[in-house]
Structure formats: C-alpha cells, structure tokens
Amino acid sequence: MKKFLEEHDVPRKVLAILMAIALWIVVVVNNTSVLRQNTISNIPVTYKNEDLLEEEAGLRIIEGNGQTVSVRVSGPYAALSSLRADDIQVTVDVSKFKSPGTYVINTSDGSSDYSLRILGNQAQNINPPEIASPVSFQVVVDTIMTKEIPIAVQMQGKAPSGYLYEEPVIGKEHVTVTGPESVVSRIKKAVAVIPE
C-alpha cells in the first residue's frame, strides 16, 4: 500500500485538491462582484399607525394580522450568508385606511402600498430587495362596536321519569359583546343551553 501511495504521489495530489478547494472558497466568499440570489420566506408584515387608525377613524384590523411574505435578495455571498428573516422589515401604513372594508396591498415592485428594507449593516452590501410572493394580500378593517345582547335560556332534552325541571333563573338578562361591527350587528341574542 505504501509503495502504491509513493508511486502515484497520492499525498501531494490530495494536498493539491484540498488547497484548490480552500482557494476557491476564499475567492467565492471575498469576491463582491459575484452576486448571489436568495429567497427568504416567512417575513412577518408589520402594521404601522394602528393607534391612529383606531383614534382617528375608529377602525381596527380584523383580518391580515399574521400575514407573511417571501423576500428575494441579491448580493455578495458573504452578505447573504449572514442575512436572516429578522434582518428584513416589511411595513404597511394603515393610517390611510379611512373607512371599513377590505384593502388589497399590492406587493409588486414599485408599489407604494408597503415599505421593505434590510436592517443593520447588511443593507450596505445587498441590492434593493423585492417581495417574491404573494403578489398581493388583503387587510380587512372594521369599526369596533359594543352591544348589549339579551340572553335566552334553552332547555335541552327531557327530565328523567319522576323528575321535574323548574324554570331556570338567570342572573343577568344581557351580555355585553364587543367586536367588528359587521359581526356584532348581526347578533340578535345569546342562548344559554342547559343540557339534560
């Protein structure tokens, strides 16, 4: 075996291959002219001025919280390798929503519906990012209302043989419900069901 290794110069060939790999890694990592592209998923959308939305228009977001997007970034390998989802911020200003309804946020490049930026030092080395998907998403805002709802009692089933139910007595005649006007306005009564 030793004779084979010496005859074919295996140690030098292995060393040459390892040095070539190391040199390639150094060149790729430090070469800022070679750009890479990466897509980072599950970037949360942050809503700005929710307090103004409620104070000035009496509205709240009822659908759209928890929205995420995928962001496409490009730049040198070294800058992209350390970039995380926490370093990317996608913001929608909701103060422009003035009435209840469904608002479509267009995420195409150049749209003014959102702002997208890279936080920290990585921003210097990375090209302007863009949202890869979805192409749009919805935010639903509605007026929040409070309403007194009457309570009704409903007996379910029959009393077993030899037993009688007395008329149930409830401690409150109304319950207060707070929520989106589109939902609360349709509530006519609350029913307390007493099972068998």
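The structure reproduced in this document is the subject of the present report. (Residues numbered from 1 in each chain as written. Predicted model: local features only at pLDDT ≥ 70, side-chain atom pairs only at ≥ 80, totals over all residues. Heavy atoms only, no water.)

**Some thoughts on the overall build of the protein chain**
Our working rule: Where helices and strands are cited, they refer to DSSP runs of H or I of at least four residues and of E of at least two residues respectively, numbered from the N terminus. Our radius of gyration looks at C-alpha atoms and nothing else; its globule reference is 2.2 Å times the residue count to the power 0.38. Buried means the residue's accessible area, taken with a 1.4 Å probe over protein chains only, is under 20% of the maximum for its type, while exposed means over 50%, and partly exposed covers the values in between. The contact rule is simple, with two residues in contact once any of their heavy atoms fall within 4.5 Å. Methods summary: accessible areas were calculated by the Shrake-Rupley approach with a probe of 1.4 Å, and residue burial reflects only the protein chains presented. For the purpose of counting charges, residues Lys and Arg are taken to be positive, whereas Asp and Glu are taken to be negative. His and the chain ends are not included. Each charge is placed at NZ for Lys, CZ for Arg, CG for Asp and CD for Glu.
Secondary structure summary: the protein chain contains five helices and ten strands in total. In terms of C-alpha radius of gyration, the protein chain reaches 31 Å, well past the compact-globule figure of 16 Å for 196 residues. Along the first, second and third principal axes, the C-alpha atoms of the protein chain reach 105 × 55 × 25 Å. Relative to its 196 residues, the protein chain shows a buried fraction of 24%. In the protein chain, once contacts between residues fewer than 6 apart in sequence are set aside, the share between residues at least 24 apart is 82%. Accessible surface for the protein chain amounts to roughly 13,400 Å². Of this, 54% is attributable to carbon and sulfur atoms. Taken together, the 18 basic and 22 acidic charged side chains of the protein chain have centroids lying 9 Å from each other.

**Some remarks on a nonpolar patch on the surface**
Going by this rule: Within this analysis, patches are made of residues with over 30% relative accessible area and no salt bridge. Like charges are joined at 9 Å or less; nonpolar side chains (Val, Leu, Ile, Met, Phe, Trp, Tyr) at 5 Å or less. Salt bridges are identified by distance alone: a Lys or Arg side-chain nitrogen within 4 Å of an Asp or Glu carboxyl oxygen.
Among the surface-exposed residues, Val 153, Met 155, Tyr 165, Ile 170 and Ile 194 lie close enough to one another that they form a single nonpolar patch of about 360 Å² accessible area. On the secondary structure map, Ile 194 appears in strand 10 (residues 190–194).

**A few points about the side chain of Ser 74**
Tracing the chain through its elements places Ser 74 in strand 3 (residues 68–76). Every residue in contact with Ser 74, bar those within four places of it in the chain, is listed here: Arg 36, Gln 37, Leu 80, Ile 126 and Asn 127.

**Focus on the packing of aromatic side chains**
Heads up, the condition is: Two rings belonging to Phe, Tyr or Trp (six-membered ring only in the last case) form a pair when the distance between their centres is within 6.5 Å. Interplanar angles under 30 degrees mark stacking, angles over 60 mark edge-to-face geometry, and anything in between is tilted.
Scanning the model with the defined rule gives one aromatic pair in all. Aromatic pair Phe 97 and Tyr 103: ring centres 4.0 Å apart, planes at 15°, arrangement stacked. A residue is classified by how much of its surface remains accessible, and Tyr 103, at 21% relative accessible area, is partly exposed.

**Notes on the pairing of strand 1 (residues 35–48)**
Condition: We call two strands paired when DSSP finds no fewer than two bridges between them.
With eight bridges connecting them, strand 1 and strand 3 associate as antiparallel partners. Bridge pairing in strand 3 links Arg 36 to Gly 75. Here strand 1 pairs with strand 4 (residues 88–93) via four bridges, running parallel. Counterpart to Val 45 in the pairing with strand 4 is Val 90.

**A word on a negative patch on the surface**
A surface patch of like charges, here negative, comprises Glu 50, Asp 51, Glu 55 and Glu 56. One can find Glu 55 in helix 3 (residues 50–57).

**Points about the sheet that holds strand 3**
The line we're drawing: Fitted lines through C-alpha atoms serve as axes, helices being fitted only where they are in contact, and the angles separating the N-to-C directions of these axes extend from 0 to 180 degrees.
Reading across the sheet, the five strands line up as 6-4-1-3-7 and stay open at both edges, with mixed pairing between neighbours. Edge positions in the sheet fall to strand 6 (115–118) and strand 7 (130–133), since each has one partner strand and no second. The sheet shows a mean angle of 35° between the axes of neighbouring strands, direction not considered.

**Notes on the pattern of salt bridges**
Where charged atoms of side chains with opposite charge meet at close range, the side chains can pair. Tallied over the full model, the rule gives four salt bridges. Between Glu 130 and Arg 72 there is a salt bridge, with its nearest N and O atoms 2.4 Å apart. Within this pair, whereas Glu 130 is found in strand 7, its partner Arg 72 is found in strand 3, the two being separated by 58 residues in sequence. Given a relative accessible area of 28%, Glu 130 falls into the partly exposed group. For Arg 72, a relative accessible area of 26% gives the class partly exposed. Note that Asp 87 and Arg 84 form a salt bridge whose closest N and O atoms lie 4.0 Å from each other. On the basis of relative accessible area, Asp 87 is assigned to the buried category, the value being 11%. The structure contains a network of salt bridges with shared partners spanning Arg 84, Asp 86 and Asp 87.

**Things to note about the nonpolar core**
Formally: In this text, buried Ala, Val, Leu, Ile, Met, Phe, Trp, Tyr and Cys residues form a nonpolar core when linked through side-chain atoms within 4.5 Å.
Judged by nonpolar contacts, the single largest core of 27 residues is most densely connected at Val 71, Val 73, Ile 88 and Val 90. Looking at this core, the elements that each hand over two or more residues are strand 1, strand 2 (59–63), strand 3, helix 4 (77–81), strand 4, strand 6 and strand 8 (136–155). Looking at this core, the element that brings in the most residues is strand 1, giving four residues. Those residues in contact with Val 71, other than ones at most four positions away along the chain, are Asn 38, Thr 39, Ile 40, Ile 43, Ile 88, Val 90, Leu 116, Pro 129, Glu 130, Ile 131 and Ala 132.

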